[in-house]
Amino acid sequence: GAGVSQSPRYKVAKRGQDVALRCDPISGHVSLFWYQQALGQGPEFLTYFQNEAQLDKSGLPSDRFFAERPEGSVSTLKIQRTQQEDSAVYLCASRPSIGQNIQYFGAGTRLSVL
Amino acid sequence: GENVEQHPSTLSVQEGDSAVIKCTYSDSASNYFPWYKQELGKRPQLIIDIRSNVGEKKDQRIAVTLNKTAKHFSLHITETQPEDSAVYFCAASQPGGSYIPTFGRGTSLIVHP
């Protein structure tokens, strides 16, 4: 299908390891969001892109988290020196255009930091 | 910023009963309220949404009501079926280009056959 695709689906990292999570949004979608979903919680906003521009990164919990979307399509969320508290599901969502409300989510990447 | 409270955290009903999930929000500027259904290990999927210029919206067995004065909105599912079992999230977002939603903590709905 042509939905939002995230990879890998599962990632196990040792504490201190760097990880990279990938999001392929729906083709042509302008807006892209990253969320962190802890167990038993709702998604929490991390960062937002409009095309290649990162317009809001207020939700990134520390400077170990970094996101990019260099060509305005695929996005990568990178976490450096992972900690146990980084364990969560990382969700990506895309939206067709600016000002539209409806977001389409990917299935997420479940990150476990040991 | 916006704060969204969602209740109950768990809801158990018998098949055929109705289920109601309630959310409150804090920012009176919020004007868009979506509801998402998330089955175990799957992506959140939008099931219904409402904008602040209407008070109620229905789609088959699902309805959402909004009380702007009281700043609360509710999801109503009638004639529940086992396949309705999932975690349901409400959210609120404000006008503006980004429309970044703030989510509630979720309600785990269990429908017993």
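Residues numbered from 1 in each chain as written. Chains lettered and ligands numbered in written order. Predicted model: local features only at pLDDT ≥ 70, side-chain atom pairs only at ≥ 80, totals over all residues. Heavy atoms only, no water.

J.: Outline the nonpolar core, supporting the account with residue identities and numerical values.
T.: Inside soluble globular proteins, nonpolar side chains tend to come together where they are buried. If you look at the biggest cluster of nonpolar residues, it comprises 24 residues, and the most contacted ones within it are Trp35(B), Phe73(B), Leu75(B), Tyr88(B) and Leu109(B). Elements represented by at least two residues in this core include exactly strand 2 (10–14), strand 3 (19–25), strand 4 (32–38), strand 5 (45–51), strand 7 (62–67), strand 8 (72–77), strand 9 (86–92) and strand 11 (107–112) of chain B. In this structure, Ala13(A), Cys23(A), Leu32(A) and Tyr90(A) belong to the second largest nonpolar core, which totals 20 residues. (Core = buried A, V, L, I, M, F, W, Y, C linked by side-chain atoms within 4.5 Å. Buried < 20%, exposed > 50% of the residue type's maximum accessible area, 1.4 Å probe, protein only. Helix = DSSP H or I, 4+ residues; strand = E, 2+ residues; numbered from the N terminus.)

J.: Which residues make up unusual backbone geometry, and what are the values?
T.: Residue Pro8(A) is reached from Ser7(A) by a cis peptide bond, and omega for that bond is -10 degrees. With respect to the element layout, Pro8(A) can be found in the loop between strand 1 (5–7) and strand 2 (10–13). Cis geometry marks the peptide bond from His7(B) to Pro8(B); its omega dihedral reads -5 degrees. With respect to the helices and strands, the residue Pro8(B) is situated in the loop between strand 1 (4–7) and strand 2. Not every positive phi belongs to a glycine, and Arg81(A) is a case in point at roughly 50 degrees. Relative to the helices and strands, Arg81(A) resides in the loop between strand 8 (75–79) and strand 9 (88–95). Relative accessible area serves as the criterion here: at 43%, Arg81(A) is assigned to the partly exposed category.

J.: Break down the interface of chain B and chain A for me, citing the residues and quoting the values.
T.: Of the residues lining the interface, 18 residues belong to chain B; the matching set on chain A comes to 24 residues. Regarding the contact of chain B and chain A, the summed buried area is about 1,700 Å², with carbon and sulfur atoms giving 53% of it. Its largest share of buried area at the contact with chain A, chain B owes to Arg43(B), Ile100(B) and Phe103(B), together 30% of the area lost on that side. The interface formed by chain B and chain A contains zero salt bridges. In this structure, the connection of chain B to chain A is made through five residue pairs in polar contact (both at pLDDT 80 or more). Of all the secondary structure elements, the ones that give two or more residues to the side of chain B that touches chain A are strand 4 and strand 5 of chain B. Among the residues forming the side of chain B that touches chain A, the class breakdown is nine nonpolar, five polar and four charged. (Contact = heavy atoms within 4.5 Å. Buried area = accessible area lost by both parts, 1.4 Å probe. Salt bridge = Lys/Arg side-chain N within 4 Å of Asp/Glu carboxyl O. Polar contact = N/O pair within 3.5 Å; in protein donor to acceptor, adjacent residues only side chain to side chain. Nonpolar A, V, L, I, M, F, W, Y, C, P; charged D, E, K, R; others polar.)

J.: A description of the state of the cysteines should follow, citing residues and the corresponding values.
T.: Here a disulfide denotes a covalent bond joining the sulfur atom of one cysteine to the sulfur atom of another. A complete count under the given rule lists two disulfides over all chains for this structure. There is a disulfide in this structure between Cys23(A) and Cys92(A), and the S-S distance comes to 1.9 Å. Measuring handedness by torsion sign, the sulfur bridge of Cys23(A) and Cys92(A) sits at about -65 degrees and is left-handed. Highlighted residues: Cys23(A) in strand 3 (residues 19–24) and Cys92(A) in strand 9, separated in sequence by 69 residues. Accessibility assignment for this pair places Cys23(A) and Cys92(A) in one class, buried. In this model, Cys23(B) is linked to Cys90(B) through a disulfide, with the two sulfur atoms separated by 1.9 Å. Looking down the S-S bond of the Cys23(B) and Cys90(B) bridge, the torsion is -100 degrees, so its handedness is left-handed. With a gap of 67 residues between them, Cys23(B) in strand 3 and Cys90(B) in strand 9 connect regions that are remote in the sequence. An identical accessibility class is assigned to Cys23(B) and Cys90(B); each is buried. (Disulfide = S-S within 2.5 Å.)

J.: Can you explain the pattern of salt bridges? Please cite residues and give values.
T.: Per the counting criterion, the structure on display carries six salt bridges over all chains. Of the charged contacts in the structure, one is a salt bridge between Glu68(A) and Lys78(A), with a shortest N-O distance of 3.3 Å. One end of the pair, Glu68(A), is in strand 7 (residues 65–68); the other, Lys78(A), is in strand 8, with ten residues separating them in the sequence. Put simply, Arg61(B) and Asp84(B) hold a salt bridge, and the shortest N to O gap is 2.9 Å.

J.: Run through the environment of Asp86(A), naming residues and quoting values.
T.: Residue and element names in this part refer to chain A. The residue Asp86 is located in the loop between strand 8 and strand 9 in this model. Asp86 sits 41 residues away from Phe45 along the chain, and the two C-alpha atoms are 14 Å apart. For Asp86, the contacting residues outside a window of four places in its chain are Gln36, Arg64, Phe65, Ile79, Leu111 and Val113. Of the polar contacts made by the side chain of Asp86, one reaches the side chain of Arg64; its length is 2.8 Å.

All quantities given are derived from atomic positions and should not be read as evidence of function.
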